[in-house]
Amino acid sequence: MKISKKVAGVEYAIRDIVLAARKVEQKGMKVDFVKVGDAVEFGFKFLDNVKEAVIDEIRAGGNEY
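Calculation rules
- Residues numbered from 1 in each chain as written.
- Predicted model: local features only at pLDDT ≥ 70, side-chain atom pairs only at ≥ 80, totals over all residues.
- Heavy atoms only, no water.
- Helix = DSSP H or I, 4+ residues; strand = E, 2+ residues; numbered from the N terminus.
- Buried < 20%, exposed > 50% of the residue type's maximum accessible area, 1.4 Å probe, protein only.
- Areas by Shrake-Rupley, 256 points an atom, 1.4 Å probe, with all protein chains shown as cover.
- Salt bridge = Lys/Arg side-chain N within 4 Å of Asp/Glu carboxyl O.
- Contact = heavy atoms within 4.5 Å.
- Expected span 1.5 Å × (residues − 1).
- Patch = residues over 30% accessible without salt bridge, like charges linked within 9 Å, V, L, I, M, F, W, Y side chains within 5 Å.

A. Structural view of the overall build of the protein. The helix and strand inventory of the protein stands at two helices and zero strands. Residues classed as buried in the protein amount to 3% of the 65 residues present. Of the accessible surface of the protein, which amounts to about 6600 Å², a share of 59% is contributed by carbon and sulfur atoms.

Structural data, given as structure tokens:
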């Protein structure tokens, strides 16, 4: 795979974790990959106070979580 010059120097810490997880998989162990944004798909539930905080932030004009 060829890496674009624009992103060749970009570091993204999650990639290091994935590389380590792939090595564990190669040893025959099962690894579950939970990606950002997939929490509900894997059975995680957001607490009501967290939901309300996100709604309040959106109503206040923010876009962060």
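B. Here's a closer look at the pattern of salt bridges. On inspection of all chains with the given rule, the structure shows three salt bridges. As a salt-bridge pair, Arg 22 and Glu 25 come within 3.0 Å of each other at their nearest N and O atoms. Taken together, the residues Arg 22 and Glu 25, both in helix H1 (residues 13-26) and three residues apart, mark about one turn of the helix. Of the residues examined, Glu 25 reaches a relative accessible area of 28% and is grouped as partly exposed. Taking the shortest distance from any N to any O, the salt bridge between Asp 48 and Lys 51 comes out at 3.6 Å. Taken together, the positions of Asp 48 and Lys 51, both in helix H2 (residues 48-59) and three residues apart, correspond to about one turn of that helix. Of the residues examined, Asp 48 reaches a relative accessible area of 56% and is grouped as exposed.

C. Looking closely at the environment of Val 24. Topologically, Val 24 is positioned in helix H1. Setting aside its immediate chain neighbours within four residues, Val 24 contacts Met 29 and Val 31.

D. Broad picture of H1. Its 14 residues give H1 an end-to-end C-alpha distance of 21 Å, which sits within 8% of 20 Å, the value for a rise of 1.5 Å per residue. Note on H1: the residue one or two positions beyond its end, Gly 28, has a positive phi of about 95°.

E. Highlighting a nonpolar patch on the surface. On the surface, Val 40, Phe 46, Leu 47, Val 50, Val 54 and Ile 58 cluster together to form a nonpolar patch covering roughly 560 Å² of accessible area. Following the sequence through the fold, Ile 58 ends up in helix H2.

F. Looking closely at H2. End to end, H2 covers 16 Å across 12 residues, agreeing with the expected 16 Å (1.5 Å per residue, within 8%). Positive backbone phi, at 95°, marks Gly 61, one or two positions downstream of H2.

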